[in-house]
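# Topology and contacts: notes
Each chain, written out:
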Amino acid sequence: MKRTALFLSLFLILFPLFSAERFALKAKRVVTVSGAPMEGGVLLINKGRIERVLSYQDPLPEGYPLVEFKEGTVYPGLINLYSSLGITGVGWGSVWNDSKEVGNLNPQLSTFSAFYPWSNLLPIVRSFGTLTVLVAPNGGAVSGRASLMKTSGWNPDEMVLERDAALIVQLIDKRPAREKETMAPAPSKRTKEVREFLQASRVYSLRACAGEKQAYSPLYEATRFLWEKKRPVIFAANTVEEIREAIKISQEFAIPGVLLGAYEGEKLLPEIRLSGLPVILSSLYEGNHKWEEGYDMVYRLPGLLEKSEIPFAFSFYSSANAFDFPVQAGRAVAYGLSREGAVKALTMTPARIMGLKDRGSIDVGSWADLIVLDGDLLEGTTKVLAVFCEGKRIQGMDYFQREAERASRRESGE
Amino acid sequence: MKKLMPCLWILLLLAALNLPGEDLLLRKGRFYTFDRGILEGYDMLILNGKIRSIAKGIVNPGKVPERDLKGFSVVPGLIDSHNHIALAGEINEVSENITPEIDMAEQINPDDPNIYYCLTGGVTMVHLLHGSANPIGGRNVTVKLKWGESAEAMIERRALPTLKLALGENPKTATGGKSFPITRMGVAASIRTAFSQALEYRKGWEEWRREAKGRKKAPPSPKRNLRLEVLLEVLEGKRVVRCHTYRAEESLELMRIAKEYGFKIQGFEHFHQAYRIADELAKEKIGLSVFADSWNYKAEASEFTPYGFALLREKGVEISLNSDLSEAMRRLNIEAGKMVRYADMERMEALKTVTLNPARLLGTDKYVGSLVVGKDADLAVFDGDPLSPTSKCCLTIIEGKVYFDREEDLRSRSVKRVEEKEATR
């Protein structure tokens, strides 16, 4: 017994030294996002979290091996709230596509259940700085449940932050343009369906919580988390009508709604602001604008949201090109968004929309999800120097790097 | 003859009045030249659509309209070396698989709004290609984006005549497996067969000419074949090949075919696996017209690395970036910036991937692609670093004429809004 205690105490004393759990990350610039950027900063990291934030002048405490980036800028890891990472692979084929199911009401679907962490795409996206993704389904009206995942880890269980993080609801009228023109405006059928579903789901949850007997429903059972954990419903809504409906539904059911897309949002800025609903923007590369809207419709919306003080986050659905996530955000800066606003919408705002308090900004107590760049985050010329996921530095090469290395040797095989 | 003289004079006068291009004096800009570096606070004089001089404090030769560009960056108009806009959406003649008689110049739609959207990204010249459904598709056309003018006026006739070829998935699957070819073997065989037929055709004519020579009554001539005559242009070096490909083994095969028949592959399109045969491409001096990093959208596009551009650059393969119609045509400058990241290029070198390199690929580098006295005044003006996503194009000029002006665009929108309000009142 005594011996065990001795070993245990020895282990506890020595463990931090062996595991290099503690280190100091020193860089030319630290963009904390929650506060002003620091010129010259040192982050003390302990057990995956940021223990202290020091300036260059502060003395370095003992026991923190120094990891220094003389020309590096540290940012919090990026957070993408509408992603198909892990559920889509190569191209258009259904073989690799697990994002879109048949059927209209599919809350029983969970992206976690199909998340494929061994995809080539995942390490690429991670080595370009995205450390947290909300993996979202995109079929039907009620598409399914989105899972909040880390991009580091070996298997889905290690990577999951929250299995049922949000419900994805599509209010977008996906009928072909020709039909839309000839038929009366009919997103009403879809919203009616969504309303009925949410109503039934709420009643089911209330009864279940009250211990009342009722027939088991896989659909309503799957959405109990909405009411019992107060998790958000993300409404894909682009037109004025769709956005208004999303706001109305959120209010009717007193659920924390989030707008996804909000393409025509600039026509409804006061209403969106008043509703308190945050916005997740679709990739700025996806603009299929109409001539009357002006060529910069997609690019100017983020700046307008910022001016209206509507919280918003960027997103990038394509899993293959999601490494362009920060660069596409830079387009919004060209058309009116502040640089700080763009960085915030890639990090802190998405974290807060999902209720993550210890990611998305560099604060004492936050997870050390950090990326070190050789320049500005929003520039396509910038290179990533290092990536830390919960304090652990990513070491291996991603597919892109491996492939280039292999070609330079002109050797086939791994 | 005397009677004709006045007519001739009038014609000459008309020609003089109709001189291409306009006059413009740009003041105090930041000019990105490849031979003299970045010239800060310089002026540029444009006469008749050509760059006349780039210097400090140019004296206005008289009544040339001026524009103050203080704080703005002026770069050569961007060139998109592979695009399909303004073709009325019809870019594939899928009814047959060898169709070089098709000419994209015959179906330019000058009213396609994409022309304007391209201009908003600083693009001034695009190479419009036949699609990739056929092993041998159609003849392509290079145009300048003279929005508001006729299709005829847009065509850039000084560009190299090109022919589209395509390998891999697209020609394999164009007819859904209903007709030959549905394999890469079939694609290669189709191309070989077509060029062999062209050679046979030429032989037929040569024989006929020999027989007909000096004879009073010539024997009946062979029938003309417009399809094969285009292939003869390629074999005689009057037209170059631009070939769509993704995988390296199919490109190597086309390089063999080109050697066998003696034609020039000017550039490979998309070519995600180019880095695998960097040495071979460099040796044959074949250019690339590619995306910076868009990939994985189909099986053959799933083997790729953007860092491969470092290898290609090291070996001396010239890289041009293209948009292939997607909205990327509005951000080619950002894609160029990524070459700093992926290929360790200097910034100026990166800028060349959307200006001078595609100009060379299209055989138009004598006239466009850099800010050099004597070249066409095709310019893109950005409000900041031209390689940054955080700056925007504000002005696009072709041959001295402004075809996109952001301020003008915003003004016309607000006028329209006022008109709409009044109309509803």
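Given the structure is predicted, the values throughout are model-derived calculations rather than measurements. (Residues numbered from 1 in each chain as written. Chains lettered and ligands numbered in written order. Predicted model: local features only at pLDDT ≥ 70, side-chain atom pairs only at ≥ 80, totals over all residues.)

### Here's the deal with the overall build of chain A
Note the following rule: Helical segments are the DSSP runs of H or I of at least four residues, strand segments are the runs of E of at least two, and each set is numbered from the N terminus. The globule rule used here is 2.2 Å times the number of residues to the 0.38 power, and the radius of gyration it is set against is calculated over C-alpha atoms. As a rule, residues whose C-beta atom has 12 or fewer other C-beta atoms within 10 Å are exposed, those with 20 or more are buried, and those in between are partly exposed; C-beta atoms are placed from the backbone. For every residue pair, C-beta atoms are placed from the backbone, and the pair is scored as a contact if these atoms sit within 7 Å.
Looking only at helices and strands, chain A features 14 helices and 15 strands. For 414 residues, the compact-globule estimate of 2.2 N^0.38 gives 22 Å, and the C-alpha radius of gyration of chain A, at 23 Å, lies within 12% of that figure. Its C-alpha atoms put chain A at 70 × 60 × 50 Å along the principal axes. A total of 414 residues make up chain A; the buried ones form 48% of that total. Considering only intrachain contacts with a sequence separation of at least 6, the fraction spanning at least 24 residues in chain A is 68%.

### Describing the pairing of strand β13 (residues 370-373) of chain A
Residues and elements named next belong to chain A. Operational definition: In this description, strands pair whenever DSSP reports at least two bridges between them.
Residues L370 and V372 of β13 are buried on one face, and the alternating residues I371 and L373, pointing to the opposite face, are buried as well. Pairing of strand β4 (residues 66-76) with β13 involves four bridges; the strand directions are antiparallel. Within β13, the residue paired with Y75 across the bridge is I371. Bridging between β13 and strand β14 (residues 384-389) involves four bridges; their strand directions are antiparallel. Residue L370 lies in a different strand from β14, and its bridge partner there is F388.

### Points about the domain arrangement of chain A
Interfaces are often sized by the accessible area lost when the parts come together. All names here are of chain A. Definition in use: What counts as a domain boundary in this text is fixed by an automatic or database domain assignment. Residues are grouped as follows: Ala, Val, Leu, Ile, Met, Phe, Trp, Tyr, Cys and Pro are nonpolar; Asp, Glu, Lys and Arg are charged; all remaining types, including Gly, are polar.
Looking at chain A, the domain boundaries give domain 1 (21-76 + 360-414) and domain 2 (78-357). For domain 1 and domain 2, the distance between their C-alpha centres works out to 29 Å. Contact with domain 1, which involves 20 residues of that partner, is made by 26 residues of domain 2. Of the residues forming the side of domain 1 that touches domain 2, the biggest block, three residues, is contributed by β14. Of the residues assigned to the side of domain 1 that touches domain 2, the class counts are 13 nonpolar, four polar and three charged.

### With respect to the sheet that holds strand β5 (residues 78-83) of chain A
Residue and element names in this part refer to chain A. The sheet built from eight strands is open, its strands ordered β5-β6-β7-β8-β9-β10-β11-β12 with mixed pairing. Unpaired on one side and paired on the other, β5 and β12 (312-313) mark the two borders of the sheet. Both strand β11 (residues 279-280) and β12 contribute to a ladder of two bridges, which runs parallel. Within the sheet, the bridge partner assigned to V279 lies in β12 and is F312.

### A word on the interface of chain A and chain B
At the interface, 28 residues of chain A touch 32 residues of chain B. Mapped onto the side of chain A that touches chain B, the elements with two or more residues apiece are α11 (325-334) and α14 (399-409) of chain A. Among the residues making up the side of chain A that touches chain B, the classes are represented as 14 nonpolar, 10 polar and four charged.

### Section: the sheet that holds strand β3 (residues 49-55) of chain A
Strand order in the open sheet formed by seven strands is β3-β2-β1-β4-β13-β14-β15 (chain A), and the pairing between neighbours is mixed. Either end of the sheet is taken by a strand with one partner, and the two such strands are β3 and β15 (392-393) of chain A.

### Considerations on the domain arrangement of chain B
For chain B, the domain assignment lists domain 1 (19-77 + 369-425) and domain 2 (78-363). Listed as interface residues are 19 residues of domain 1 of chain B and, on the opposing side, 26 residues of domain 2 of chain B.

### Considerations on helix α6 (residues 226-235) of chain B
Note on helix geometry: an α-helix contains 3.6 residues per turn, so any two residues three or four positions apart are oriented the same way. Residues and elements named next belong to chain B. This is how it is decided: Here, the arc refers to the directions that run from the helix axis to the C-beta atoms.
Buried residues of α6: L228, V230, L231 and V234, and no others. For α6, the arc enclosing every buried residue in end-on projection is 150°, short of the 170-degree limit, so these residues lie on one face. On its buried face, α6 sits against β8 (136-139), β10 (162-166), α5 (184-212) and β11 (240-245). Just past α6, the residue G237 takes up positive phi, approximately 80°.

### As for the packing of α14 of chain A against helix α9 (residues 308-315) of chain B
Which entries qualify depends on this criterion: Here an angle of 0 to 180 degrees is reported between the N-to-C directions of two axes, which are lines fitted to C-alpha atoms, with helices fitted over the stretch in contact. By definition in this entry, angles of less than 35 degrees are roughly parallel, angles greater than 145 are roughly antiparallel, angles of 65 to 115 are roughly perpendicular, and the rest are oblique.
Contact pair α14 of chain A / α9 of chain B: the axes reach a minimum separation of 8 Å and the direction vectors enclose 30°. In terms of axis orientation, α14 of chain A runs roughly parallel to α9 of chain B. Here α14 of chain A contributes A404, A407 and S408 of chain A to the contact with α9 of chain B, which in turn contributes G308, A310 and L311 of chain B. Within the contact of α14 of chain A with α9 of chain B, the residues separate by chemical class into four nonpolar, two polar and no charged.

### A few points about the confidence of the model for chain B
The following threshold applies: Each residue carries a pLDDT value, the predictor's own confidence for that position, ranging from 0 to 100.
Scored by pLDDT, chain B has a mean of 94; 95% of the residues are at 70 or more. Here the prediction assigns the complex a pTM of 0.93, and the interface score ipTM is 0.92.

### Regarding the packing of helix α10 (residues 297-307) of chain A against α11 of chain A
Residue and element names in this part refer to chain A. Interhelical geometry of α10 versus α11 gives an angle of 75° and a closest axis separation of 7 Å. Between α10 and α11, the interaxial angle falls into the category roughly perpendicular. Note on element contacts: α11 touches α10 through R331, A332 and A334, opposite Y299, P302 and G303. A class-by-class count of the residues in the contact of α10 with α11 yields four nonpolar, one polar and one charged.

### Brief notes about the nonpolar core
So the rule is basically this: Structurally, a nonpolar core is described as a collection of buried Ala, Val, Leu, Ile, Met, Phe, Trp, Tyr and Cys residues joined by way of C-beta atoms within 7 Å.
Counting residues in hydrophobic clusters, the biggest one holds 228 residues, and the most contacted among them are L134, V169, F235 and L259 of chain A together with L145 of chain B. Considering each element in turn, this core owes the most residues, seven residues, to helix α10 (residues 332-343) of chain B.

### What about the confidence of the model for chain A?
On average, residues of chain A score 92 in pLDDT, and 90% of them are at 70 or above. Note on residues 12-19 of chain A: pLDDT is under 50 here. Beyond four places in sequence and across chains, it has two contacts.

### Concerning α10 of chain A
Residues and elements named next belong to chain A. For α10, every residue scored as buried is listed here: V298, Y299, L301, P302, L305 and E306. Each buried residue of α10 sits inside an arc of 160° when the element is viewed along its axis, so together they form one side. Looking at the buried side of α10, the elements it contacts are β11, β12, α11 and α12 (339-344). Remark: E309 follows α10 within two positions and exhibits a positive phi of approximately 55°.

### What about unusual backbone geometry?
A cis amide bond links F180 of chain B to the next residue, P181 of chain B, at an omega of 0°. Topologically, P181 of chain B is positioned in the loop between α4 (169-173) and α5. You will see that A262 of chain A, though not glycine, has its phi angle at about 50°, which is positive. Its place among the elements puts A262 of chain A in the loop between β10 (257-261) and α9 (269-275). On the neighbour-count criterion, A262 of chain A (28 C-beta atoms within 10 Å) is buried. Non-glycine residue E309 of chain A carries a positive phi angle of around 55°.

### A closer look at the environment of R207 of chain A
Residues and elements named next belong to chain A. With respect to the helices and strands, the residue R207 is situated in helix α5 (residues 187-209). Classification of R207 as partly exposed rests on a count of 13 C-beta atoms within 10 Å. Here the alpha-carbon distance between R207 and S282, two residues 75 residues apart in the chain, equals 37 Å. Look past the residues within four positions of R207 in its chain and what remains in contact with it is E212 and Q214.

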